[in-house]
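Observations on chain architecture
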Amino acid sequence: MRTCSLLILFACNILAYGQSFDISAGRPAQLSPPSQSRRSARQNPDPDELTQELDAYEIELSKIPADPLIQPDPATPIFRPIDKVVDFSIHSLHLKFGATYTFLNQYATITPDGVRHDQPSGRLDFTGAWSVYDHESTAGSISLLIRSGTNIGTSQQFNLSDRLGSGLYLNCLQGGGPQEPITVNILYWRQDFLNKRLSFYVGKIHPNEYVTLSMFNNDERTQFLNGTNDGNDAVASDGTYAGGAAVEFQASQHVFVHAVAVDTEGSQQGNIETLVDRKYAETVEVGWSSGALDEKYRLYRVGMWRDDTKERGSGYGGGLEFDHELTDGWTPFGRFAFGTKTGTAIKDEYELGLAQVHPFGRRGDMFGASFAYSEPNAPAKHHESVFESFYRLRLTKSVEVGPDVEVSVHPTYASRAYATTLLGARMRLIF
């Protein structure tokens, strides 16, 4: 019944799309970001005016101008009535919707015998946020993420990354397994206290919203496609969508603490009924950050996790991550994680990369390159490494395009050791 109601909600509001600025593929944009920017909040010594770290990310990204190559946007007359509906919904109903549609075509130069080389696909991301109440010191809201994935011109069961034998998800737009026609990935209640310094989340959640999150390597729609850059494959249940709870606490201008507990048997296409099996993953993360995007931004975080699973037993581990902007938009980043031989598919993961947030002076574009090495758990056959590089061009206010290249060396589950290159072309429509 609940799923049916969500489908009706989706259908009724399909014309109410508006642009969102969510920084991970799973974090719906909030309706009303805090009034203080992250930079001013961290410079303000009053602890009651601190900005929650993840809200601050959204504020920073929302301030980046579109800087399209083609102006004005040819689609502006089409979207103008929709924008008016969205504005009315935000100001009158305290309800915000957003949507993007991402097309991707990948071509693998080498595949196992009998496996096709290419996979054209697309994915719709529809987000919603309803501010139920906001009393400044306390607030409550509901967030929603609905997705629909499809293969174009081939079976919906086909997954090129899986067929190549990769264990690192070379296309996180699809993830592992077949395409899902419609899924309710996120549906949670957010409760804020202490002027939004302390936030609790309960419902169907995405752990990567709260831990291992990065502004530079975390969104498969606009940044890297592989799983080592979209969260962390070596952190238990980091990329899942399942029932659970999370908490965020902004301890000072620079220090934050995040914690999450999630059902290890849940999935994006399932509901929360498996919570009663009491198989959970728990992660705690402490971080320090300073500066602002394009102004010597720094982020360092360290975390620990443990989990109980039905198929892989119990395990534990930890890791660290950094984003360190040097100058003129050049930002090295890294992720390092380790764990036991049980509990996760990937035991250890080590990644280094470099991002440029305004290549050629274009604020709406982005360039990135990274290399990752993984050590898997049984029954894997190989230690897989992945190199990936992309360029994102803001063509118009509502269209992004760009190339992507991935090189997978010794795919994890392949029957024989080999290397393959995936040439990709990606386009994102922003409604």
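First things first, this report covers the structure right here in the doc. As the structure is a prediction and not an experimental result, all values here were calculated from the model.

**Quick word on the packing of aromatic side chains**
For the structure shown, the criterion picks out 11 aromatic pairs. Through a chain of ring-to-ring contacts, the aromatic side chains of Tyr 188, Tyr 201 and Tyr 210 assemble into a single cluster. A cation over a ring is seen here: Arg 416 above Tyr 418, with NZ or CZ 5.0 Å from the ring centre. The residue whose ring lies beneath Arg 426 is Phe 390, and the NZ or CZ to ring-centre distance is 5.9 Å.

**Section: the pairing of strand β12 (residues 346-356)**
Within β12, eight of the 11 residues are buried, which leaves the element mostly enclosed by the surrounding structure. In this structure, strand β11 (residues 330-339) lies alongside β12, joined through eight bridges in antiparallel fashion. By the bridge assignment for β12, Phe 333 is matched with Gly 353. The antiparallel pairing of β11 with β12 creates a hairpin that spans six residues between the two strands, and Gly 343 there sits at a positive phi of about 100°. Pairing analysis gives 10 bridges linking β12 to strand β13 (residues 366-376), with the strands arranged antiparallel. Note on β13: the bridge partner recorded for Leu 352 is Phe 371.

**Considering helix α4 (residues 76-93)**
With 18 residues, α4 should cover 26 Å at 1.5 Å per step; its first-to-last C-alpha distance of 24 Å lies within 8% of that length. For α4, the set of buried residues is Phe 79, Val 86 and Ser 89. On its buried face, α4 sits against β1 (95-108). After α4 finishes, the residue His 94 shows a positive phi value of roughly 55°.

**Some remarks on the pattern of salt bridges**
This model, assessed by the stated rule, comprises 18 salt bridges. In this structure, the salt-bridge partner of Glu 220 is Arg 147, at a minimum N-O distance of 3.9 Å. Taken together, the residues span a long stretch of sequence, with Glu 220 in the loop between β5 (198-205) and β6 (242-250) and Arg 147 in strand β3 (residues 139-151) at a distance of 73 residues. Accessibility expressed as a relative area gives 1% for Glu 220, which makes it buried. Here Arg 362 makes a salt bridge to Asp 365, at a shortest N to O gap of 2.7 Å. Each of Arg 123, Asp 125, Arg 147 and Glu 220 takes part in a single network of salt bridges with overlapping partners.

**Notes on the nonpolar core**
With 30 residues, the main nonpolar core has Leu 160, Leu 164, Ile 205 and Tyr 210 as its most contacted residues. Put simply, the parts of the chain that give this core at least two residues each are α5 (160-164), β4 (183-193), β5, β6 and β7 (255-263). Filtering out sequence-adjacent residues up to four positions away, Ile 205 remains in contact with Tyr 188, Tyr 210, Thr 240, Tyr 241, Ala 242, Gly 244, Ala 245, Ala 246, Val 260, Ala 261 and Val 262. Within the second largest apolar cluster, 12 residues are counted, among which are Phe 216, Phe 256, Leu 293 and Tyr 297.

**What about the pairing of β5?**
Pairing between β4 and β5: seven bridges, direction antiparallel. Considered in β5, the bridge of Asp 192 is made with Ser 199. If you look at the hairpin formed by β4 and β5, you'll find four residues sitting between the two strands, and Leu 194 has a positive phi there, around 55°. Where β5 and β6 come together, eight bridges link them in antiparallel fashion. For Lys 204, the partnering residue across the bridge sits in β6 and is Gly 243.

The rules behind these values
- Residues numbered from 1 in each chain as written.
- Predicted model: local features only at pLDDT ≥ 70, side-chain atom pairs only at ≥ 80, totals over all residues.
- Heavy atoms only, no water.
- Phe/Tyr/Trp six-rings, centres within 6.5 Å; stacked < 30°, edge-to-face > 60°.
- Lys NZ or Arg CZ within 6 Å of the ring centre and 35° of its normal.
- Buried < 20%, exposed > 50% of the residue type's maximum accessible area, 1.4 Å probe, protein only.
- Helix = DSSP H or I, 4+ residues; strand = E, 2+ residues; numbered from the N terminus.
- Pairing = 2+ DSSP bridges.
- Expected span 1.5 Å × (residues − 1).
- Contact = heavy atoms within 4.5 Å.
- Salt bridge = Lys/Arg side-chain N within 4 Å of Asp/Glu carboxyl O.
- Core = buried A, V, L, I, M, F, W, Y, C linked by side-chain atoms within 4.5 Å.

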